[in-house]
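Listed below are the residues making up each chain.
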Amino acid sequence: MISFTEWLSESLATLRSGDRSLPARLARPLYYVYVAGFLSLTRHLPYGTNVYERDWDLLIILDACRVDALREVADEYDFITEVESMRSVGSTSFEWLNHTFTNDYLDEVRRTAHVTGNGYTDRVFGEGGETGAAAIPFGPSEYDVVDPEDFGYLEELWRTDVGDEWMVGEDDRTRRHPRHTTERAIDVARTVDSDRQIVHYLYPHDPYPLVGEELWRPFDALKSGTASREEVWEAYLDTLRFVLDDVAVLLENVDAETVAITADHGEAFGEYGFYRHVIGCPLPCMRNVPWVETTATDEGTCEPTASAPETGDDTVAVEERLEQLGYL
């Protein structure tokens, strides 16, 4: 949020807290002054490569996927032959949305069918953009983003509630299975007339649904020392494999001559004191994203059963859904 008062209040609270070292307490408010300047600059001078500048028919977004992580598992998947690197236009989802779906690319957006589970679409499309929950003292109050109706087709999967058959995890530690996104994407590819399609998966973004309670919030465990970097990294790779298994299903059930697999942003595992991903960060671990090119052919191996949002499920509160998906 853009608020000098809130930034000052949060900064004073940080400085008075005793759970961090003094340099760390000083660094946080100063970082958000830098972020304010960075966002003000990049509002008018783009930083990174917009995906619409690349050639693709089907674009698959793996939320928070690092380049080195995808390279580490690449030989396990026939559709990944070479993992290139590209600088993203954002180090968070909302920053990526702000700078990707702008009116400069309105013609391309109108030709795009977008199937997404990322909840920040509500705060970006039609609302003039979003800067996140952390307060910054100044910066752009809005972005030149498109409206929801500007898309050739937009399906926001996160808006709908689903049954237990689409969930994965145990007890209260559950998330939506990537197969739900896959089936909706297949159905849209077969029934919606569009020149381009974007499919935005929520994984490997945390929480990690295949692990126990001790790694459910992996970066809290990593920062507190209750889990090692190796343990969290392996859980992250397993979560990446979890979504790539579904990408394989998608690729054999849609027709696309040019498929690109990338990410909205990367992830930090303690580099320079950063964890997860934060807005305006230039670190390669957050800013560089993979770029993989392949093809897809509809072999008819999957018949979707997941219904479209408007044909069955009830819309749920935005904040509730974002929390369940791990964004809050």
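You'll find the structure just up there.
Description of the structure in this document. No experiment lies behind these values; they were computed from the predicted model shown. (Residues numbered from 1 in each chain as written. Predicted model: local features only at pLDDT ≥ 70, side-chain atom pairs only at ≥ 80, totals over all residues. Heavy atoms only, no water.)

**What about the overall build of the protein?**
Along the protein, the regular secondary structure elements total eleven helices and eleven strands. Projected onto the principal axes, the alpha-carbon positions of the protein cover approximately 60 × 45 × 40 Å. Burial analysis of the protein (328 residues in total) assigns 55% to the buried set. Within the protein, contacts between residues at least 6 apart in sequence are counted, and of these 81% link residues at least 24 apart. Of the charged side chains in the protein, 27 are positive and 64 negative; the average position of the first set lies 7 Å away from that of the second. (Helix = DSSP H or I, 4+ residues; strand = E, 2+ residues; numbered from the N terminus. Buried < 20%, exposed > 50% of the residue type's maximum accessible area, 1.4 Å probe, protein only. Contact = heavy atoms within 4.5 Å. Lys, Arg positive; Asp, Glu negative; His and termini not counted. Charge placed at Lys NZ, Arg CZ, Asp CG, Glu CD.)

**Here's the deal with helix 1 (residues 4-16)**
Note on helix geometry: an α-helix contains 3.6 residues per turn, so any two residues three or four positions apart are oriented the same way. Taking 1.5 Å per residue as the helical rise, helix 1 with its 13 residues ought to reach 18 Å, and the 18 Å between its terminal C-alpha atoms agrees with that figure. Within helix 1, the full set of buried residues consists of Trp-7, Ser-11 and Thr-14. All buried residues of helix 1 project into a common sector of 65 degrees when viewed along the axis, lining one side. Exposed positions of helix 1 whose direction lies more than 90 degrees from the buried face are Thr-5 and Arg-16. In this fold, the buried residues of helix 1 make contact with helix 2 (22-42). (Expected span 1.5 Å × (residues − 1). Arc of directions from axis to C-beta.)

**Some details on the packing of aromatic side chains**
Between two aromatic rings, the relevant description is the distance of the centres plus the angle of the planes. For the structure on display, the rule yields 21 aromatic pairs. Ring plane angle 80 degrees and centroid distance 6.1 Å describe the contact between Tyr-52 and Phe-101, whose orientation is recorded as edge-to-face. Placement of the pair is Tyr-52 in the loop between helix 2 and strand 1 (58-62) and Phe-101 in the loop between helix 4 (93-100) and helix 5 (106-110), with a sequence separation of 49 residues. Per residue, the accessibility class of Tyr-52 equals that of Phe-101, and both read buried. Ring pairs connect the aromatic residues Tyr-52, Trp-56, Trp-96, Phe-101, Tyr-105, Phe-125 and Phe-151, which therefore count as one cluster. Stacked on the ring of Trp-56, the Lys or Arg Arg-196 has its end atom at 4.1 Å from the ring centre. For Arg-229, the ring lying beneath its charged end belongs to Trp-233, and the centroid distance is 5.2 Å. (Phe/Tyr/Trp six-rings, centres within 6.5 Å; stacked < 30°, edge-to-face > 60°. Lys NZ or Arg CZ within 6 Å of the ring centre and 35° of its normal.)

**Points about the sheet that holds strand 4 (residues 153-156)**
With respect to topology, seven strands assemble into an open sheet ordered 2-11-8-1-7-3-4, the strand pairing being mixed. Either end of the sheet is taken by a strand with one partner, and the two such strands are strand 2 (84-87) and strand 4. Sheet twist, expressed as the mean angle between neighbouring strand axes with direction ignored, is 20 degrees. Across five bridges, the pairing between strand 3 (residues 112-116) and strand 7 (residues 196-201) is parallel. The residue bridging Ala-113 from the neighbouring strand is Gln-197, located in strand 7. The sheet contacts of helix 7 (residues 178-191) involve strand 3, strand 4 and strand 7, and relative to strand 7 the element is tilted by about 170 degrees. This element, helix 9 (residues 229-251), spans strand 1, strand 7, strand 8 (256-262) and strand 11 (288-296) of the sheet and lies at about 165 degrees to strand 1. (Pairing = 2+ DSSP bridges. Axes fitted to C-alpha atoms, helices over the stretch in contact; angles between N-to-C directions.)

**A look at a nonpolar patch on the surface**
On the surface, Phe-4, Leu-8, Leu-12, Leu-15, Leu-22, Leu-26 and Leu-30 cluster together to form a nonpolar patch covering roughly 630 Å² of accessible area. Of the residues forming the nonpolar patch, the biggest block, four residues, is contributed by helix 1. Topologically, Leu-26 is positioned in helix 2. For Leu-26, a relative accessible area of 42% translates into the label partly exposed. (Patch = residues over 30% accessible without salt bridge, like charges linked within 9 Å, V, L, I, M, F, W, Y side chains within 5 Å. Areas by Shrake-Rupley, 256 points an atom, 1.4 Å probe, with all protein chains shown as cover. Salt bridge = Lys/Arg side-chain N within 4 Å of Asp/Glu carboxyl O.)

**As for the environment of Tyr-272**
Relative to the elements of secondary structure, Tyr-272 occurs in the loop between strand 9 (268-269) and strand 10 (275-276). Each C-alpha atom of the pair Tyr-272 and Arg-16 lies 23 Å from the other, and the pair is 256 residues apart in sequence.

**As for the pairing of strand 7**
Of all the six residues making up strand 7, six are buried; the element is thus mostly covered by neighbouring parts of the structure. The alternating pattern of strand 7 places Arg-196, Ile-198 and His-200 on one face and Gln-197, Val-199 and Tyr-201 on the opposite face, and all of these are buried. Judged from the five bridges that link them, strand 1 and strand 7 form a sheet pairing that is parallel. What sits directly across from Leu-59, in strand 7, is Ile-198.

**Here's the deal with the pairing of strand 11**
Two elements, strand 2 and strand 11, share four bridges in a ladder whose sense is antiparallel. Residue Met-86 lies in a different strand from strand 11, and its bridge partner there is Val-289. Judged from the four bridges that link them, strand 8 and strand 11 form a sheet pairing that is antiparallel. Bridging from a neighbouring strand, Ala-256 pairs with Ala-296 of strand 11.

**Overview of the pattern of salt bridges**
One pass over the full model with this rule turns up 18 salt bridges. Among the salt bridges present, the one from Asp-68 reaches Arg-66, with a minimum N-O distance of 2.8 Å. You can call Arg-66 buried: its relative accessible area is 6%. Measuring nitrogen to oxygen at the nearest pair gives 2.7 Å for the salt bridge that ties Glu-108 to Arg-111. Within the structure, one salt-bridge network assembled from shared partners comprises Arg-66, Asp-68, Arg-229 and Glu-271.

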